[in-house]
Amino acid sequence: MKEANLPMREPGAAFHAILLPLLEFRVVLGAVLTTPDGLIVSHVGLDQEDAELLAALSVARQITTYTSLVLGPGRLHTLPGTYVRLVVLTEADAPDNLQDVLEDHLRQVEEAISV
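Residues numbered from 1 in each chain as written. Predicted model: local features only at pLDDT ≥ 70, side-chain atom pairs only at ≥ 80, totals over all residues. Heavy atoms only, no water.

### Regarding the sheet that holds strand 2 (residues 40-44)
- Spatial ordering of the open sheet is given by 2-1-5-4-3, a layout of five strands whose pairing is antiparallel. Looking at strand neighbours, the two that pair on one side only are strand 2 and strand 3 (67-71), the edges of this open sheet. On average, each strand axis in the sheet is tilted by 15° relative to the strand beside it, whichever way the strands run.
- For strand 1 (residues 28-34) and strand 5 (residues 85-91), the ladder comprises six bridges, and the chain directions are antiparallel. Its bridge partner being in strand 5, A31 is matched across the sheet by V88.
- Lying over the sheet, helix 2 (residues 48-60) contacts strand 1, strand 2, strand 3, strand 4 (74-80) and strand 5, oriented at roughly 125° with respect to strand 2.
- Along the sheet, helix 3 (residues 98-114) contacts strand 1, strand 4 and strand 5; its crossing angle with strand 4, the most-contacted strand, is approximately 40°. (Pairing = 2+ DSSP bridges. Helix = DSSP H or I, 4+ residues; strand = E, 2+ residues; numbered from the N terminus. Axes fitted to C-alpha atoms, helices over the stretch in contact; angles between N-to-C directions. Contact = heavy atoms within 4.5 Å.)

The following block contains the structure:
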């Protein structure tokens, strides 16, 4: 039986498309989607090394609910979900309603996973 020549897709491509709109917010510097144990699923706005550092920080702190903490001149927002964790680096003046935006993006990712 001949194999079909189907285009190969990067595993995190669908998640990348969900994360990318976060960069449209002026205060968002980058975002990382990780497994609960810190493996990177996708990232935007950050190089691989910085994404790995943020993923490791989110695991080391054992965060189980939405958390926003000061990290140098910015803020680190971490939102754990059922299957993945969303980690977002922002400028210090990120609005209070950023949690709602992050929850919406995390919900989209988790829905894509559960299908």
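### Let's talk about helix 2
- The first and last C-alpha atoms of helix 2 sit 18 Å apart over 13 residues, in line with the 18 Å expected at 1.5 Å per residue.
- Within helix 2, burial applies to A51, L54, A55 and S58. Around the axis of helix 2, the buried residues are gathered within 100° of arc, so they sit on the same side. Across helix 2 from its buried face, at more than 90 degrees, point the exposed residues E49, L53 and A60.
- Residues of helix 2 that are buried make contact with strand 1, strand 2, strand 3, strand 4 and strand 5.
- Downstream of helix 2 by a residue or two, Q62 has a phi angle that is positive, lying close to 50°. (Expected span 1.5 Å × (residues − 1). Buried < 20%, exposed > 50% of the residue type's maximum accessible area, 1.4 Å probe, protein only. Arc of directions from axis to C-beta.)

### Some words on the side chain of E110
- As for its placement among the helices and strands, E110 is situated in helix 3.
- For the buried E110, no salt bridge is present, and the opposite-charge side chain at shortest range is R85, 9.5 Å distant.
- Of note is the side chain of E110, whose polar atom sits 3.0 Å from the backbone nitrogen of T82.
- With sequence-adjacent residues up to four places away left out, E110 is seen in contact with G81, T82, Y83 and V84. (Lys, Arg positive; Asp, Glu negative; His and termini not counted. Salt bridge = Lys/Arg side-chain N within 4 Å of Asp/Glu carboxyl O. Polar contact = N/O pair within 3.5 Å; in protein donor to acceptor, adjacent residues only side chain to side chain.)

### Brief notes about the pairing of strand 3
- Of the pairings in the sheet, the one linking strand 3 to strand 4 comprises five bridges and is antiparallel in character. Bridging from a neighbouring strand, S68 pairs with H77 of strand 4.
- With antiparallel pairing between neighbouring strands as the criterion, strand 3 and strand 4 make up a hairpin whose turn holds two residues, including G72 at a positive phi of roughly 65°.

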